[in-house]
Amino acid sequence: MSTAIRRSNVIGLLKARSIWRTVVPILTAGFGAFLLIVWTQHLYSGENAEQVEARVQHGVPLIGQERIRKINRGSPLMTPSNLFDDPMPMHDTPSAPDRIKGITQDNKFLEFPPIPVAHMQSGHEVATQPLPTAWTPAFATEHTSSVLPDAGHEPYATAPAMKVQLDAKHQARTPAPESKVLLGAGHKGPFVAARKYSSPRTASNVLRGTGLHMRDRLLAARARHIMVTPSGDTVKRKSAAGHVSERQSSTKRGSQEMLSSADMLFTLLNGSMSPFDPGHNVPSYQEIFGTNSPRPAHLDKEHITVYILPHSHNDPGWLQTFEEYYTGSTAAILNNIVQGLQQHPDWKFIWSEMSFLHRWWQDQPEEIRAVFRALVQAGRLELTTGGWVMPDEANTHYHAVLDQLIEGHNWIRENIDPHWKPASSWSNDPFGYSSTVAHLYQLSGIEKMMILRVHYMLKYQLARKKALQFHWNQPWDSQGNSAIFAHMEPATLYSTKHSCGPSEATCCNFDFFYLSFCAFSGNCECKVEEITRQNVQDKAVDLLDQARSKASLFQSKTVAVLNGDDFRYTSTAEVSAQYENFKLLMDHINSTPALRATVKFGTLSDFLQAVRADQSVQYPHLYGDFFPYSDTMNAYWTGYFSSRPHHKRIGRLVQSALHTADALFTIASARGLPVANLYRNLTLARHEFNLFQHHDAVTGTSRTFVMADYLQRLLWAYATLSDLTTTILRQLSGLALLRDTSVVDMAYETVRTKATRVRQRAHVLLVFNALPRAETRPVKLLVNSPYISLSSCSTRSIPFQVNRVHEAFTASNVSVSDYEVLFEAKLPALGYSVFTVQALRPKRFFSRMAKETFYFPKGQARQYPVPRNTAAKAKRPFVLSTNRFSASFSADGLLRSIQTQGKTVQLQVSFITYQEVANVGGAYIFEPADHASHVQSSKVYVRVLSGPMCHSVTSYWPMFNHTVHICNSTSTTGTTTSSTDSLSDLHIRIENSVDLKSYHQLDVDFGMRVASAVRSKDVFYTDLNSFQMARRRRFPSMISANFYPMTSLSYIEDDEWRLSLHTVQPLGVSSLRSGMLEVILDRYMAGDDGRGPVGGTPDCHEKSLSTFELVLEGNFNAPVFSALPSSGVLSLGAHLVSERLLHPVQILSSPARRLAKKTCGQGLLNRPLPCSVQLVALRPMTAPSNRRQSQAVAIFHRVAFDHKSFSTPATCPAHPADSTISIGKLFSGLSVSQVKNTSLTCLYGQGDIDPAADINLKPRELQSFLISMQPREQPAKPNKGLS
């Protein structure tokens, strides 16, 4: 019966006339299209390869299955405009060797990359680059015979000469005759452009007037990409500020080309050097210039120079601890290097890690030290970069990177060569590169650098543009004054096997380490033959063949072979094998003119100096960063941004403690206080902190027991610095202070506050402010009684709030043992204030106690006996209000919206988990199997505290606790708070405590989302090492490719709002939807991702804590102003929030009955620094001596801020742009006798400065000053006995 009913329904539908009116035209059109395809296939089915080629040469495209089968079957057109679009569908996607193919006249496939393209913005004219012969597809269409003058072997594939400029609506303007439209073939047909349009019709219309046949226009429009190529003219481009700048788009000089930043993927217009759309198959390094790919014939006739760079990469901790590596490998390596350099006068070597060199130096007699010094001074042993470690560039704060760089440089100057200066930076192993770190190197006097681990698709793009060597600019510097010359190795790794050329099998034969290793272990990766007189010619030809293929990727004819690997040269046999075999090759090649090559040993500086010495080459200027990193398809190294977050948090706390200890020690030493005995512990703590900046330490990518070793070192450093700070503050204040009340609790592996036992007698508190300006800071103090009074020397009764503290909330544990006291402390610039807390008699009702309310799931309230004077209610949504805004919360205690100034802003906080692909994700790689799942539970309990100063909401979930703090902007005394980090408006403090072990699931990432109504589209901003902001754009196709390091903050914005998320510790962040920020809080990886046998992160501790400040800034009168399209600019208030999160107040206590010295506190600065100027460091450079003067370095940074759009904090002067400082008048009680302007690490003197002179810093300027100080002379008191 049901079948009959369905049949009758179908018949009824068929009888409906409206259905036929719709279906018939569709069927007719489809049948007509089918006939057209059959006819065109038949028309060209009898053609041979020559006929097909002739048709293509005359502009007739390949169609149907013929085009799909023969044209560029594996790779889409990679353009700046489609970097962030969905991946194009593949047609008959071939295997990896068949990718990026073109058809030749003999019907064979020829590998080639896609034709270079350029980014086209509305109203802008941008150029592409010409194609060298090696990369020109055989079927490139040439409608005219015109080519640029002196093109030589680099012909253009051109269309009729004309120029297309797009207006704001992407419509074509009047063509001009001096430009050309490049044609090529992608897997969707010929293309002519680099901008993606909404439809093929729109793209086709843009091409009207170009002279192209309609068929070509339609086929070009199928890919919806329009590429316009001005022929070497000067491009005028309006900057965001409205100024017109001129850049040469593509200037031919023989065999080289000067690439404009507007033509590159990672230009100012594009934001930063992000990778291509990760969904596409793009050739690896070997495929770029594989053995089947022809290289330009002229390279075989030209003379090339090959530098063999011996090196040994020594990780200060990874699979073994620092000390295990030193005793097991590194000590022998350094011994062998010194011995080998003595025995072989023409051998050279590179060394980078000063931490290991410092450890080895302690064990060496003076005669070995003298030999080492001579080798360095002779230039045969180069100390590259000179930092304490090779730092990670994603998770590190620029303060920390700079500190380890200063420590390394200073140690070399003191121990090896007093005139040493760094020439080059060797950075072969960090997992991506930051332009901030490059900027620090450049300011330190380093002019050249080598990088390696860059997204493989981006390497591909740069390689085919011959732009692997470039001047790395900062995005704000259009003149190139901040540029550092960078060489990017095209290889994936830094061994001989990977770096000598495209064939790993061939290059492996030149790693002579295996001669001894194979005989010893029997496990031979490479079967290497010893070089003899009989085989030297063949081996020389093989080596030069690889070197010439590698040279085809560069403009320079000088290439490098990296002769080393991890922990190489542990034996003298390896030293001899590497030297003697390469020596035979060198002697033969250098004495055989027919080989047209010179091969020599060299250092990194030797190689880079030779590259730059070629005056015929002008290298492009590029700017941006190199995140995220990917070494193969769909393997994004974005997991380490959040791996081991507890270690990252402790590292940030040690950084703050070191900053405070440095400043206090410098000032105390200059004042003549007896602190010289503290210098050794200060230095040792610094070394432990600097060690943690290593690229396998702060990243969390070492083995479990190695990470435990790092943690113990950090905890020791924190305790040592706390003791040092307490000792110095005792001497400065005269108070019998106890140790810092902030102690490290191993159970939580973070800093918690120890409860102070308050008695009837006075208890003295000293609160220290490490910031260089007067602050009103919130202070939290744990006490064992809520009945207290709080006062200071200037205020008899200080308002405060008391909150009950619940360490846990379960049916068996609701007891209250401690209380939290919250108050505001007015603190001087870089100084302290003293407060007195005293116990009172217990009262039945205490007005300072915050009201406490518990919300339980329905029917479960009676299971939990709540404390007295609290309310228990069934869960429901609720609202909390301050005197500036109201916050709405869900029944589970999660923020939902903010109401302010009559506006409602959606701010929805939620928690998510990603399930990763087993044995694909790991400590390095983030590879979710699917989209995130929202965390939900029916067992959530909510606790609300409402007090006169602040409100807090804590929700207790099965595997995490989540707390939100909102505070009034005015204290109970009516005094407006003065800082955005104190109890202020539109600032929300978020604290999370995550326990992933209770989740009972492996390979999981736990994150927090903040969804808002901010119309940010696909753009968001993240900081680079807390120094500058980078603009990001979202890839729609992959999750893991969209995560970036968040060292301090990330934000989204539109014309009305800016939403910033500030963090205490570095984590990974993304914006996967418009208006959304998402941060990964913790990861529990059981498997290994194959990037080093570190075994995932199974050491996930019981709880990892995270702290955020959510800042909502509004502007209702003017649109958002960003100075640079590729970067963001923070408001001054946002800068101050990050600065205060970095340097929390420190609390010390004294139980003395009376004060040893009557004091209310003191500031160590005579005058505060301007709000736009940060004190990066005030640290000693040498150990204190008996000399009257004390020498130190002071480093200042003037931040760039957007004062046009957003509010300025009330504490800042009327003109916050003021950046004037006077070092001679800065320090209280001290006289500054000398000020020297120096390079960033104080190695280069740049002239003396009058101590009394005013110094004006420019925005983003980071400047070091070497200063000499002594106690200020007190005026002599008159002798009353004399008349």
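These figures come from a predicted structure and were not determined experimentally.

Visitor: Report on the overall build of the protein, specifying residues and quantitative values.
Guide: Scanning the protein for helices and strands turns up 23 helices and 60 strands. The buried share of the protein, reckoned over its 1283 residues, is 62%. Counted over contacts in the protein with a minimum sequence separation of 6, partners at least 24 positions apart contribute 74%. Looking at the protein as shown, the accessible area adds up to about 47,400 Å², and 51% of this sits on carbon and sulfur atoms.

Visitor: Would you mind going over helix α21 (residues 679-691) in detail, with residue names and values included?
Guide: Taking 1.5 Å of rise per residue, the 13 residues of α21 would be expected to cover 18 Å, and the 18 Å separating its terminal C-alpha atoms lies within 8% of that figure. Turning to α21, its buried residues number three or more, namely Tyr679, Leu682, Thr683, Ala685, Arg686, His687, Glu688, Phe689, Asn690 and Leu691. Contacts made by the buried residues of α21 are with α8 (322-343), α9 (354-361), α11 (398-415), α20 (645-670), α22 (704-733) and β54 (1173-1180).

Visitor: Which residues make up the state of the cysteines, and what are the values?
Guide: Taken as a whole and judged by the stated rule, the model has four disulfides. Covalent S-S linkage joins Cys793 and Cys1160, the inter-sulfur distance amounting to 2.4 Å. Between Cys793 and Cys1160, the disulfide has an S-S torsion of -115° and is therefore left-handed. A residue pair is termed long-range when its members are at least 10 positions apart, and Cys793 in the loop between β27 (788-792) and β28 (800-804) and Cys1160 in the loop between β52 (1146-1150) and β53 (1161-1163) qualify at 367 residues. You can call Cys793 partly exposed: its relative accessible area is 35%. What pairs with Cys950 in a disulfide is Cys967, and their sulfur atoms sit 1.9 Å apart. Looking down the S-S bond of the Cys950 and Cys967 bridge, the torsion is 105°, so its handedness is right-handed. With Cys950 in strand β39 (residues 950-956) and Cys967 in strand β40 (residues 960-967), the pair connects residues that are 17 residues apart, well separated along the chain. Among the residues examined, Cys950 registers a relative accessible area of 7% and is labelled buried.

Visitor: If you had to explain the sheet that holds strand β44 (residues 1028-1033) to someone new, which residues and values would you point to?
Guide: The 12 strands lie next to each other as β32-β31-β38-β39-β40-β41-β50-β47-β46-β43-β44-β51, forming an open sheet whose pairing is mixed. Edge positions in the open sheet fall to β32 (870-874) and β51 (1127-1128), since each of these has one partner strand only. For β44 and β51, the ladder comprises two bridges, and the chain directions are antiparallel. From the neighbouring strand, Ala1030 faces β51, where its bridge partner is Ser1127.

Visitor: I'd love a proper account of the side chain of Ser352, names of residues and values included.
Guide: By secondary structure assignment, the location of Ser352 is in the loop between β12 (349-351) and α9. A polar contact is formed between the side chain of Ser352 and the side chain of Thr384, at a distance of 2.7 Å. When near neighbours in sequence (up to four residues on either side) are disregarded, Ser352 contacts Thr384, Gly387, Met390 and Trp426.

Visitor: I'd like a rundown of the confidence of the model for the protein, residues and numbers included.
Guide: Scored by pLDDT, the protein has a mean of 75; 67% of the residues are at 70 or more. Across residues 1116-1123, where pLDDT falls below 50, the model places 22 contacts with residues more than four positions away in sequence or in other chains.

Visitor: Residues and numbers for the pairing of strand β33 (residues 878-881), please.
Guide: By the alternation rule, side chains of β33 split into Phe878 and Leu880, which are all buried, and Val879 and Ser881, of which none is buried. In this sheet, strand β34 (residues 886-889) lies alongside β33 in antiparallel orientation, the contact comprising four bridges. Bridge pairing links Ser881 to Ser886 in β34. Two successive antiparallel strands, β33 and β34, enclose a turn made up of four residues.

Rules used in this analysis
Residues numbered from 1 in each chain as written. Predicted model: local features only at pLDDT ≥ 70, side-chain atom pairs only at ≥ 80, totals over all residues. Heavy atoms only, no water. Helix = DSSP H or I, 4+ residues; strand = E, 2+ residues; numbered from the N terminus. Buried < 20%, exposed > 50% of the residue type's maximum accessible area, 1.4 Å probe, protein only. Contact = heavy atoms within 4.5 Å. Areas by Shrake-Rupley, 256 points an atom, 1.4 Å probe, with all protein chains shown as cover. Expected span 1.5 Å × (residues − 1). Disulfide = S-S within 2.5 Å. Pairing = 2+ DSSP bridges. Polar contact = N/O pair within 3.5 Å; in protein donor to acceptor, adjacent residues only side chain to side chain. pLDDT = per-residue confidence, 0-100.

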